[in-house]
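The chain contents come next:
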Amino acid sequence: IAGVDYTANYAPVINDVTWRIMMVAMIALKLAGKIIDVETAFLHGDLEEEIYMDCPEGLAEATGQTISNQEYCLELKQSCYGLVQSARQFWKKAIEVLTKMGFQGGYPDPCLMKRKDKRGIVFIALYVDDCLCIGDRKAIDSLEQEFNDNGFKVKVDEHLTDYLSCEIQKSEDGKSLT
């Protein structure tokens, strides 16, 4: 019950102005870009409260037990799809992992993170499980392995042709986007 069993369910997402500025910076500063999608993102969040669910139909038959679905319930140990809290819990886990990877930020946009190291600079914009990454080629090329090393299986789109249902087309000379 909202306000009784849980309170925080809002998950911030990158502001549309912020990611558009990132696209302009990518062109103006000749930075590389890619989109990293975290697979099964909502299964990564850590629950902060006790959550129980009804036993799904067929559980007794599948396990060979003679229990009534009305008699028992299941305690969730990890976030899952369908929970109101799932998006927020994933966002918190993503920020935790990015911080562990050396990223800083969150101000003024809580979903914009940056890291500068010997490989160069990289910016990551979070929109739920889609990460827009721009930066020096070496810096963004290492991200897929780093995400995997930190427990996130990811899918990478090197072509940067679509982000948040917006089609992105780069001019032939690479000096503009539409």
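Residues numbered from 1 in each chain as written. Predicted model: local features only at pLDDT ≥ 70, side-chain atom pairs only at ≥ 80, totals over all residues. Heavy atoms only, no water.

Draft legend 1. Focus on the overall build of the protein chain. Each helix and strand in the protein chain was counted, giving five helices and ten strands. Across the protein chain, the fraction of contacts at a sequence separation of at least 24, relative to all contacts at a separation of at least 6, is 63%. Summed over all atoms, the accessible surface of the protein chain reaches about 10,800 Å², with 52% contributed by carbon and sulfur. (Helix = DSSP H or I, 4+ residues; strand = E, 2+ residues; numbered from the N terminus. Contact = heavy atoms within 4.5 Å. Areas by Shrake-Rupley, 256 points an atom, 1.4 Å probe, with all protein chains shown as cover.)

Draft legend 2. Local environment of the packing of aromatic side chains. Enumeration according to the criterion identifies two aromatic pairs in this entry. When the centroid spacing of 5.7 Å and the interplanar angle of 45° are considered together, the rings of Phe90 and Phe152 count as tilted. Placement of the pair is Phe90 in helix 3 (residues 86-100) and Phe152 in the loop between helix 5 (143-149) and strand 8 (154-157), with a sequence separation of 62 residues. For Phe90, a relative accessible area of 2% translates into the label buried. An angle of 25° between the planes, with centres 6.3 Å apart, marks the rings of Phe147 and Phe152 as stacked. A relative accessible area of 2% means that Phe147 is categorised as buried. Accessibility expressed as a relative area gives 3% for Phe152, which makes it buried. (Phe/Tyr/Trp six-rings, centres within 6.5 Å; stacked < 30°, edge-to-face > 60°. Buried < 20%, exposed > 50% of the residue type's maximum accessible area, 1.4 Å probe, protein only.)

Draft legend 3. Focus on the nonpolar core. Counting residues in hydrophobic clusters, the biggest one holds 40 residues, and the most contacted among them are Ile124, Leu126, Leu132, Leu143 and Phe147. Listed by contribution, the elements that provide at least two residues to this core are helix 1 (16-28), strand 1 (32-38), helix 3, strand 6 (120-127), strand 7 (130-135), helix 4 (137-141) and helix 5. Sort the elements by how many residues they give to this core and helix 3 lands first, with six residues. Setting aside anything within four residues of it in sequence, one finds Leu126 in contact with Val13, Ile14, Trp91, Ala94, Ile95, Leu98, Cys111 and Cys131. (Core = buried A, V, L, I, M, F, W, Y, C linked by side-chain atoms within 4.5 Å.)

Draft legend 4. Highlighting the pairing of strand 7. Of all six residues making up strand 7, five are buried, and the element is well covered by its neighbours. Across six bridges, strand 1 lies against strand 7 in antiparallel orientation. Paired with Gly33 across the strands is Ile134, a residue of strand 7. Where strand 6 lies against strand 7, six bridges are found, and the strand directions are antiparallel. Residue pairing in the sheet places Tyr127 in a bridge with Asp130 of strand 7. Here strand 6 folds back onto strand 7 in antiparallel fashion, the turn holding two residues, of which Val128 has a positive phi close to 55°. (Pairing = 2+ DSSP bridges.)

Draft legend 5. Inspection of the environment of Ala125 at higher detail. Take Ala125: it is sitting in strand 6. On the accessibility criterion, Ala125 (0% relative accessible area) is buried. When the C-alpha positions of Ala125 and Gly106 are compared, they lie 9.9 Å apart, and in sequence the two are 19 residues distant. Ala125 has contacts with Ile14, Met22, Cys111, Asp130, Cys131, Leu132 and Tyr163, leaving out every residue within four places of it along the chain.

Draft legend 6. The environment of Val154, seen in detail. Structurally, Val154 is set in strand 8. For Val154, a relative accessible area of 8% gives the class buried. With 119 residues separating them along the chain, Val154 and Ile35 place their C-alpha atoms 9.9 Å apart. Beyond its immediate chain neighbours, meaning those up to four positions away, Val154 contacts Ile36, Asp37, Val38, Glu39, Glu144, Phe147 and Asn148.

Draft legend 7. Examining unusual backbone geometry more closely. In this model, Lys30 sits at a positive phi of 55°, which is unusual for a non-glycine residue. Unusually for a residue other than glycine, Val128 sits at a positive phi of about 55°. Topologically, Val128 is positioned in the loop between strand 6 and strand 7.

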